[in-house]
Amino acid sequence: MSAKTTSEAGAKKGASPFTPGRIAVAVLGVLALVFIFENTRATKIRLLIPEVTMPLWTALLATAVVGALCGAYFVRRRR
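Please read these numbers as outputs of a predicted model, since none were measured by experiment.

Undergrad: In this structure, what is going on with the packing of helix α2 (residues 20-38) against helix α3 (residues 56-78)? I would like to understand it.
TA: Two quantities define a packed helix pair, namely the angle between the helix axes and the distance between the axes. One way to put it is that α2 packs onto α3 with a least axis distance of 7 Å and a crossing angle of 150 degrees. Looking at the two axes, α2 sits roughly antiparallel to α3. Classified by chirality, the crossing of α3 by α2 is right-handed. On α3, the residues touching Leu33, Phe35, Ile36 and Phe37 of α2 are Trp57, Leu60, Leu61 and Ala64.

Undergrad: Just checking my understanding: could you explain the packing of aromatic side chains for this structure?
TA: How two aromatic rings sit relative to each other is set out by the distance from centre to centre and by the angle between their planes. Applying the stated criterion across every chain, the model contains two aromatic pairs. Judged by centre distance (5.5 Å) and plane angle (40 degrees), the rings of Phe37 and Trp57 are tilted. Of this pair, Phe37 sits in helix α2 while Trp57 is found in helix α3, placing the two residues 20 residues apart along the sequence. Residue Phe37 is classed as partly exposed on the basis of its relative accessible area of 43%. By relative accessible area, Trp57 is classed as partly exposed at 31%. Considering the side-chain rings of Tyr73 and Phe74, the 5.3 Å spacing of their centres and the 70 degrees angle between planes classify their relative orientation as edge-to-face. On the accessibility criterion, Tyr73 (46% relative accessible area) is partly exposed. The class of Phe74 is exposed, set by a relative accessible area of 52%.

How each quantity is defined
- Residues numbered from 1 in each chain as written.
- Predicted model: local features only at pLDDT ≥ 70, side-chain atom pairs only at ≥ 80, totals over all residues.
- Heavy atoms only, no water.
- Axes fitted to C-alpha atoms, helices over the stretch in contact; angles between N-to-C directions.
- Helix = DSSP H or I, 4+ residues; strand = E, 2+ residues; numbered from the N terminus.
- Parallel < 35°, antiparallel > 145°, perpendicular 65-115°, else oblique.
- Left-handed = near helix turned anticlockwise from the far one by under 90°.
- Contact = heavy atoms within 4.5 Å.
- Phe/Tyr/Trp six-rings, centres within 6.5 Å; stacked < 30°, edge-to-face > 60°.
- Buried < 20%, exposed > 50% of the residue type's maximum accessible area, 1.4 Å probe, protein only.

So this is what it looks like as structure tokens:
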């Protein structure tokens, strides 16, 4: 009996790192970034009580980052 190394146990020989799911996520990420950086005008945002004026791309990017962090947290908890 020989012990398998971690590279042999975790990866299939000839498996591509580009799966359809990863490609779809990459395309959606690029489209989201294009959408975010095309919206550059200033906008008023009200969060509970204070009202701030900031570029719309900043608010969209912050929302996307919070969503990604929440998604990563729940995926990690499921494992």
